[in-house]
Protein chains: 2
Amino acid sequence: MNCDCGSTSAMLNPKEAMRLVLERAAPLGVERVALSRASGRVLAQTVVADRDYPPFDRAMMDGYAVRLADAGRRVAVVGEATPGVAWSGRLTDGKAVSIMTGAPCPDGAELVVPVEQTVREGDGVGLPDDLRPGRHIAYRGSDQPSGADLLGAGARITPLALAVMATVGVVHPLVRRRPKVALVATGNELLDAAARPERYQIRDCNTPLLLGVLHRLGVSDTLCLRAADRPEEIRARLEECESYEIVLLTGGVSAGRYDFIPQVVAGLGWRVVFHKLAQQPGKPLLFAERNGRLLFGLPGNPLAVHLCAQRYVAAAIRCMSGLPALPARGVGWLAAGCANRGERTLFLPARAQPKDAAGGWSVEPMATHGSADIFPASRANAMLELAPGQALCSGAEVQFEWLAGECAGEGDPA
Amino acid sequence: MNCDCGSTSAMLNPKEAMRLVLERAAPLGVERVALSRASGRVLAQTVVADRDYPPFDRAMMDGYAVRLADAGRRVAVVGEATPGVAWSGRLTDGKAVSIMTGAPCPDGAELVVPVEQTVREGDGVGLPDDLRPGRHIAYRGSDQPSGADLLGAGARITPLALAVMATVGVVHPLVRRRPKVALVATGNELLDAAARPERYQIRDCNTPLLLGVLHRLGVSDTLCLRAADRPEEIRARLEECESYEIVLLTGGVSAGRYDFIPQVVAGLGWRVVFHKLAQQPGKPLLFAERNGRLLFGLPGNPLAVHLCAQRYVAAAIRCMSGLPALPARGVGWLAAGCANRGERTLFLPARAQPKDAAGGWSVEPMATHGSADIFPASRANAMLELAPGQALCSGAEVQFEWLAGECAGEGDPA
């Protein structure tokens, strides 16, 4: 299982690794959520019109409901219709009903004349010469008839989809579940972010990093654990994660003598799908499965954790949540050259910024001294992929992948 | 204040209206949040390195810390360094220390040789001929020296920015506040989504719609109220919103006899900045301010609410939250023709989908029968803008604006 050869030729490439992950990331089951919690979720039911829409002949303007025969005449205003309150009579020639936008049109009304095209005089109103049948009336059922499919399973729930569900009274829609994700940070040297480190200790930054990626993907059901580099402790922590569909370990996944993850994972019955990829950063990535649950053994260094989470873990989460697996791609122009002098696929964090009003992107690779230097990369919102030996000049057109939840530049929900 | 003329020439255009909104949407103050709540927020402080990074000379590979003089020789393995645990001696010629990735290099070490380039024999190890000074050591302070600025005010908090803050022990960062938003849905005809409507009643879909837009913008501090079409009731509800920086009213903003919003708003001391725009949908939009608070009087029809919220309200919220005001733009090709035969700027909901692997977008205008038909538009993730008289053929290149939180196609946090 554990290949400690240094050769890249024997290693799986990132594309093939992605395929192996996606094959095993099946959409989860469904759950009902309140409408107030459904934004951004993936619908798992059809939403059907409970009645005709509009449910009645509805005025589209403030004005008067009138008869065609009264074009150019002065007619008597015999009543009023407001939203929620119909005028109960039947409109006949020579009469008009004052009507508000959204109000039900009275029986017999043939059109609505906007108020600004009329002249009100006491209890009468003067109408224009040009009356056209049906003007400014949205007829019952003209948008959608009762029983029509309004939203389909698989649709992502937009603000307007929320409005559709509210309209027809679907207040607890069935949606795809999102995975529950457990994090286990391993390493004797790790402390909480709030602690004061001794000289050789470091604060655990991988847990906040992963929680940030999960937040962008809408995953909020998480468990955060920590383990020292001892097999029995790692095993005990993993046993606490049994109810989580995805387990993310950080650290201890290389071939070193204190890297116990592979043996512990195998000992708990996980089947290792791959271990080590021809990629930089994140070469030691381990991926295992057990009964539909997925385990990612991420390296300890944060830029490797970042790449593996944004690329493989995010794809698995999207798939399990019913979303397209791969993030949106963009096209832009490099603000600075970059090159891959190694033998593995190089993933470079980059910052894409609008280049012009026409929708183009300027893409700046985030220079890093080494794969553990997270400081410049923290501004990245995109990822560049360079094949072994590939070099790109400043100004070159490049494709890039948006990092999870990026692109629109919005503040994500907390 | 209230112009009920039908002429578009007298009306403000959408661009000018946006300028008037942005002029009045000043960034709010700051607040401290826990790191676990900081994802996606806008940083309002500088984050500084609390010590050198790396904080010690750190091994970048599993292997042996050695001396240059020992190239091609077999040396004695005299100790071990692991993450968090240094080897306390000083390395001299003829000796090596077994070392793990992330461990502190011993004093005197001149490089780290990866384990796969060595031959271990008992308590000795054979080294390769080619040793280069400093290889696989990240020297103390080589990423960032103590005191260096790591993150600046105004940066959006990415997952890696969370990692940076955890690394240096900033566990309650100062961030820009997001506005608190109160919603008041007005209309005698409105019911809760869970209620069963009588023939002329409709369920309130504007509140869920607006909450969906707010969710995409990260606004969670909201108040939802409802008022019948009576001035005193609307006034009372508005008085409940005093502590909210943005107030969104729906309905009652036209020039009809039951449209009390303009008079009530003015009576409460709000200054109306504009009322009515040369746009479709959403012509009756009212915008007012009072002491830095903003009020939007949105029309009652949901597609108008959607456009006004996605365009003007979202821009104000982004500004107040410290983000760029305007959403990202995309460029794509129309999947179907569309035209604006009116005299006002037409905003059309549209669906952008990847056209090819090269990052192009196919943009499908969402056909609607009228401005209250939300059903087809619920699939939209983008908005097209057509000038009066403008017609575009299928296949034409178009710019579009992403709706709030769209583009990457992610599931947003619930």
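It should be emphasised that the depicted structure is a prediction, and the values quoted were computed from it without experimental measurement. (Residues numbered from 1 in each chain as written. Chains lettered and ligands numbered in written order. Predicted model: local features only at pLDDT ≥ 70, side-chain atom pairs only at ≥ 80, totals over all residues.)

### Some points on the sheet that holds strand 18 (residues 271-275) of chain B
All names here are of chain B. The strand order 16-13-17-21-20-18 describes an open sheet built from six strands, whose pairing is mixed. At either end of the open sheet lies a strand with only one pairing partner, and these are strand 16 (222-227) and strand 18. If you compare each strand with its neighbour and ignore which way they point, the axes differ by 15° on average. The sheet contact formed by strand 13 (residues 181-186) and strand 16 spans six bridges and is parallel. For L183, the partnering residue across the bridge sits in strand 16 and is C224. Sitting on the sheet, helix 3 (residues 206-216) is in contact with strand 13, strand 16 and strand 17 (246-250), with an inclination near 160° to strand 13. Each of strand 13, strand 16 and strand 17 is contacted by helix 4 (residues 231-239), which is oriented at about 170° to strand 16, the strand it contacts most. (Pairing = 2+ DSSP bridges. Helix = DSSP H or I, 4+ residues; strand = E, 2+ residues; numbered from the N terminus. Axes fitted to C-alpha atoms, helices over the stretch in contact; angles between N-to-C directions. Contact = placed C-beta atoms within 7 Å.)

### Comments concerning the relation of the copies chain A and chain B
With an axial shift of 0.0 Å and an RMSD of 0.0 Å, the rotation relating chain A to chain B amounts to 180°. The transformation just described matches what one would write down for a two-fold rotation axis. Comparing interface residues between copies, 100% of those in chain A also lie at the interface in chain B; the contact surface is shared. (Least-squares fit on C-alpha atoms with pLDDT ≥ 70 in both.)

### Some points on the confidence of the model for chain A
All names here are of chain A. Here chain A averages 91 in pLDDT, and 93% of its residues register 70 or above. In the predicted structure, residues 1-6 sits below a pLDDT of 50 and forms 14 contacts with residues beyond four places in sequence or in another chain. Confidence over residues 408-414 falls short of pLDDT 50; this stretch has 40 contacts with residues more than four positions distant or in other chains. At the level of chain-chain contacts, confidence expressed as ipTM amounts to 0.92, with global pTM at 0.93. (pLDDT = per-residue confidence, 0-100.)

### Comments concerning unusual backbone geometry
All names here are of chain A. In this model, Y53 is joined to P54 through a cis peptide bond whose omega is -5°. Here P54 shows up in the loop between strand 2 (47-48) and strand 3 (58-59). The backbone phi angle of N291 is positive, close to 50°, even though this residue is not glycine. On the secondary structure map, N291 appears in the loop between strand 20 (286-290) and strand 21 (293-298).

### Description of the interface of chain A and chain B
Taken together, the contacts link 107 residues of chain A with 107 residues of chain B. When residues of the side of chain A that touches chain B are traced back to their parent elements, those giving at least two are strand 11 (149-151), helix 2 (159-168), strand 15 (202-203), helix 3 (206-216), helix 6 (302-320), strand 22 (329-334) and strand 28 (397-402) of chain A. With eight residues, the single largest contributor to the side of chain A that touches chain B is helix 2 of chain A.

### Re the packing of helix 1 (residues 14-24) of chain B against helix 6 (residues 302-320) of chain B
A pair of packed helices is characterised by two quantities: the angle between their axes and the separation of those axes. Residues and elements named next belong to chain B. With their axes 9 Å apart at the nearest point, helix 1 and helix 6 run at an angle of 30° to one another. On the basis of their axis angle, the class for helix 1 and helix 6 is roughly parallel. The element helix 1 and its partner helix 6 pack so that their crossing is right-handed. Contact residues: helix 1 offers A17, M18, V21 and L22, while helix 6 offers Y312, A315, A316 and C319. Residue composition of the contact of helix 1 with helix 6, grouped by class: eight nonpolar, no polar and no charged. (Parallel < 35°, antiparallel > 145°, perpendicular 65-115°, else oblique. Left-handed = near helix turned anticlockwise from the far one by under 90°. Nonpolar A, V, L, I, M, F, W, Y, C, P; charged D, E, K, R; others polar.)

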